[in-house]
Every structure is written in structure tokens, then in C-alpha cells.
Amino acid sequence: QVQLVESGGGLVQAGGSLRLSCAASGRTFSRYFMAWFRQAPGKEREFVTAISSSGGITHYADSVKGRFTISRDNAKNTVYLQMNSLKPEDTASYYCAADTRPPVLRVEIRDLNFYTYWGQGTQVTVSS
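Residues numbered from 1 in each chain as written. Predicted model: local features only at pLDDT ≥ 70, side-chain atom pairs only at ≥ 80, totals over all residues. Heavy atoms only, no water.

> Where do I start with the overall build of the protein chain in this structure?
The number of helices and strands found in the protein chain is one helix and eleven strands. Each helix (α) and strand (β) of the protein chain, taken in turn from the N terminus, gives the series β-β-β-β-β-β-β-β-β-α-β-β. Here the protein chain has a C-alpha radius of gyration of 14 Å; the compact-globule value for 128 residues is 14 Å, and the two agree. For the protein chain, the C-alpha atoms occupy an extent of roughly 40 × 30 × 25 Å along the three principal directions. (Helix = DSSP H or I, 4+ residues; strand = E, 2+ residues; numbered from the N terminus. Rg over C-alpha atoms; globule rule 2.2 N^0.38 Å.)

Dropping the structure here:
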């Protein structure tokens, strides 16, 4: 099965940057559809961004568009989330998610129930 390990979270001031990493196990990582979600205390887990297996197609929530960038290095079995211009509202636990198959419907991309595998989460705190 797929194991996901996240790292890179921390405390930053508003306007700062962080880069999160998600290391995945498995020989077929290059086939995985990957995503990042986040969850603040008392709130629902929400979609942040996703990337196709080849890295050629990406999707972003409107709230992070222009500030966050998702990328992947299939040779390293790793997906990254570069977060710039961070805001206090970005404070949340960030989760890496994966599925071994690509989504068929567009709505599946943003649906947390689509993803089979999840990381443990890494905390991002942005101070004002």
C-alpha cells in the first residue's frame, strides 16, 4: 500500500514562505494523482491543490491561487507545496493525499473522499 510522509511545516510570519514535502512509497508513484488538503481547528478539511501523475496538470483552490504552487519529482517519489505570501488564514494542518488512479470527474479532484491514501499532516502556523 501507499505510505505518505509529510514534512516542512512550521511557524512563519504573515507574508513569509514555507515549502512542504510529501514523500511517498511504492514503485508506481509516477502513476499517482496527488493532492494537498488543509484543516483548521473546528473547520472541515478543505481542498488546496492537486497535480496529475505527470505533473502536467494542476488545480488550485481560489483561496491559494497565485500564492501556492504544487509540483512533483517522480524520480524522488515526492510532491511539494511551495507556499508564498502566507496569511494567518492559511494556518491549518496540511495533509498530503493520493490515489493510484486519476479522477474521472472534475468534482472528484476537490473531494477528499476520492483519495485513498493520506499522510499524517503537518502543522502550518502563520502569525499576524
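Picking up where we left off.
> Is there a simple way to explain the sheet that holds strand 7 (residues 68-73) in this structure?
As a general point, the strands of a sheet are linked pairwise by backbone hydrogen bonds and lie either parallel or antiparallel. With respect to topology, four strands assemble into an open sheet ordered 1-3-8-7, the strand pairing being antiparallel. The strands lining the two open edges of the sheet, one partner per strand, are strand 1 (4-7) and strand 7. Ignoring which end each strand starts from, the neighbouring axes of this sheet average 15° apart. (Pairing = 2+ DSSP bridges. Axes fitted to C-alpha atoms, helices over the stretch in contact; angles between N-to-C directions.)

> Would you explain the pattern of salt bridges in this entry?
Close approach of charged atoms lets side chains of opposite charge pair. Per the counting criterion, the structure on display carries four salt bridges. A salt bridge links R38 to E46, with the shortest nitrogen-to-oxygen separation between them at 2.7 Å. A salt bridge links D90 to R38, with the shortest nitrogen-to-oxygen separation between them at 2.9 Å. Of this pair, D90 sits in the loop between strand 8 (78-83) and strand 9 (92-99) while R38 is found in strand 4 (residues 33-39), placing the two residues 52 residues apart along the sequence. Note on D90: relative accessible area 0%, which makes it buried. Several salt bridges share partner residues, and in doing so they unite R38, E46, R67 and D90 into one network. (Salt bridge = Lys/Arg side-chain N within 4 Å of Asp/Glu carboxyl O. Buried < 20%, exposed > 50% of the residue type's maximum accessible area, 1.4 Å probe, protein only.)

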